[in-house]
Amino acid sequence: MQVLQMQMEVRPDPAEVSRARRWARSRLAGSGIGVDEPLAETLILLISELVTNAVVHTGCPAVLRMLFPAQGDGGGPGAGGRGGRGPGSGTVRVEVADASGRAPRRRCAGEEATNGRGLELVDGLADRWGWHPEGAGKRIWCEVDRGARGGHGGYGSHEEPVLTGHAGSHTPSQIGCSRQSPDQVLT
């Protein structure tokens, strides 16, 4: 399976969030996702939340990575054979790696709070998400299945991440990340 991978270095500056959104929008067309598709807006919002968490909560530089199934390849990273073939199928994965060893944590934001809802939003929008330690830092990831926005299909766990989430009522053992390593993808 071939995967199209794009990445951007992010400085530890809140202005980088808007730059990451612009960068991601400019890359969507080449991946076969139209900027006017609901999937595009979901991906932009997920990227915005993950990059915001990295630059605001860690104070470290980060790397934003988007992985798309190659055009005509319905599998994609983490698809595990679930996706169909052809246009509109496959899994899009977003990753943000940073040098901070601090684990991401969900917060209980009150009604009047102006922040603290980022991971709740990721949990509600992504089909799968999680994080794992990587070197001295960590990688937080989320996946959105193309063509499955009406409901979440079943999926199996390939690797036990440290923290996972899902908008549905699935148990953590049903949620996992891909066996696909960033070193195994085409750039």
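Here, the structure is the one placed above.
Attention in this report is confined to the structure presented alongside it. The numbers attached to residues start from 1 for each chain and follow its sequence in the written order. Side-chain atom pairs in this predicted model are given and counted only at pLDDT of 80 or more, local residue features only at pLDDT of at least 70, and totals for whole chains, interfaces and linings cover all residues. Side-chain numbers here rest on the full set of heavy atoms in the structure, without hydrogens or water.

Structural notes on the overall build of the protein chain
Logical step 1: What counts as a helix is a DSSP run of H or I of at least four residues, what counts as a strand is a run of E of at least two, and both are numbered from the N terminus. The helix and strand inventory of the protein chain stands at three helices and six strands.
Logical step 2: Starting at the N terminus and walking to the C terminus, you meet the elements of the protein chain as β-α-α-β-β-α-β-β-β.
Logical step 3: Expressed as a percentage of its 187 residues, the buried residues of the protein chain come to 48%.
Logical step 4: When checking whether two residues touch, look at their non-hydrogen atoms; a contact exists if any pair is within 4.5 Å. Taking contacts inside the protein chain between residues at least 6 apart in sequence as the whole, the part at least 24 apart equals 65%.
Logical step 5: Accessible surface area values rest on a Shrake-Rupley calculation with a 1.4 Å probe, where residue burial reflects the displayed protein chains alone. Carbon and sulfur atoms make up 51% of the accessible area of the protein chain, which totals about 9,000 Å². Exposed residues in this analysis have more than 50% of their type's maximum accessible area, buried residues have under 20%, and partly exposed residues fall in between, with area computed by a 1.4 Å probe over protein chains only.

Some remarks on the pairing of strand β4 (residues 128–134)
Logical step 1: Most of β4 is tucked away: five of the seven residues are buried.
Logical step 2: As judged from the seven bridges shared by β4 and strand β5 (residues 137–145), these two strands associate in the antiparallel manner. By the bridge assignment, Glu134 is partnered in β5 with Gly137.
Logical step 3: Linking β4 back to β5 in an antiparallel pair, the connection comprises two residues, with Gly135 at a positive phi of about 60°. Pairing between strands requires that DSSP locate at least two bridges from one strand to the other.

Here we look at the packing of helix α1 (residues 16–28) against helix α2 (residues 38–57)
Logical step 1: Axes here mean lines fitted to C-alpha atoms, for a helix over just the part in contact, with angles spanning 0 to 180 degrees between N-to-C directions. Direction vectors running N to C along α1 and α2 enclose 150°, while the axes themselves pass 9 Å from each other. Judged by the inter-axis angle, α1 sits roughly antiparallel to α2. Note that α1 runs across α2; the crossing there is right-handed. Facing Glu16, Val17, Ala20, Arg21, Ala24, Arg25 and Leu28 of α1, the residues of α2 in contact are Ala40, Glu41, Leu43, Ile44, Ile47, Ser48, Val51, Thr52 and Val55. Working definition: roughly parallel below 35 degrees, roughly antiparallel above 145 degrees, roughly perpendicular at 65 to 115 degrees, and oblique for all remaining angles. The crossing is said to be left-handed when, going from far helix to near helix, the turn is anticlockwise and less than a right angle, and right-handed when the turn is clockwise.

Digging into the pairing of strand β2 (residues 62–69)
Logical step 1: Counting buried residues in β2 gives eight out of eight residues, a clear majority hidden from the surface.
Logical step 2: Here β2 shows two buried faces, one formed by Ala62, Leu64, Met66 and Phe68 and the other by Val63, Arg65, Leu67 and Pro69.
Logical step 3: Bridge count between strand β1 (residues 3–10) and β2: eight bridges; the pairing is antiparallel. If you follow Val10 over to β2, its bridge partner there is Ala62.

Focus on the packing of α2 against helix α3 (residues 118–125)
Logical step 1: It is the contact of α2 with α3, at a shortest axis distance of 10 Å, that shows an interaxial angle of 150°. Classified by the angle between their axes, α2 and α3 sit roughly antiparallel to one another. Crossing angle aside, the handedness with which α2 passes α3 is left-handed. Where α2 approaches α3, its residues Thr42, Leu45, Leu46, Glu49, Leu50 and Asn53 are matched on the opposing element by Gly118, Leu119, Leu121, Val122 and Leu125.

Here we look at the environment of Val144
Logical step 1: Within the element layout of this structure, Val144 appears in strand β5.
Logical step 2: You can call Val144 buried: its relative accessible area is 1%.
Logical step 3: Through-space distance from the C-alpha of Val144 to that of Leu43 is 7.9 Å; in sequence the pair is 101 residues apart.

Considerations on the nonpolar core
Logical step 1: By nonpolar core we mean a set of buried residues, namely Ala, Val, Leu, Ile, Met, Phe, Trp, Tyr and Cys, connected to one another through side-chain atoms within 4.5 Å. In this structure, Val51 and Leu64 are the most contacted members of the largest nonpolar core, which totals 35 residues.
Logical step 2: Of all the secondary-structure elements, those providing two or more residues to this core are β1, α1, α2, β2, β3 (91–98), α3, β4 and β5.
Logical step 3: Once residues lying within four places of it in the same chain are set aside, the contact partners of Val51 are Val10, Glu16, Val17, Ala20, Leu64 and Val96.

Overview of the environment of Glu134
Logical step 1: Checked against the element boundaries, Glu134 lands in strand β4.
Logical step 2: In contact with Glu134, not counting residues within four places along its chain, are Ala97 and Arg139.
Logical step 3: Contacts described as polar in this section are N or O atom pairs within 3.5 Å, which, within protein, must combine one atom able to donate a hydrogen with one able to accept it, while residues neighboring in sequence count only if both atoms come from side chains. One polar contact links Glu134 to Arg139, side chain to side chain, over a distance of 2.7 Å.

Side note on α2
Logical step 1: Between its terminal C-alpha atoms α2 stretches 28 Å, which fits the 28 Å expected from 20 residues at 1.5 Å a residue.
Logical step 2: Backbone geometry just downstream of α2 places Gly59 in the positive-phi region, at approximately 70°. A helix is expected to span 1.5 Å multiplied by its residue count minus one.

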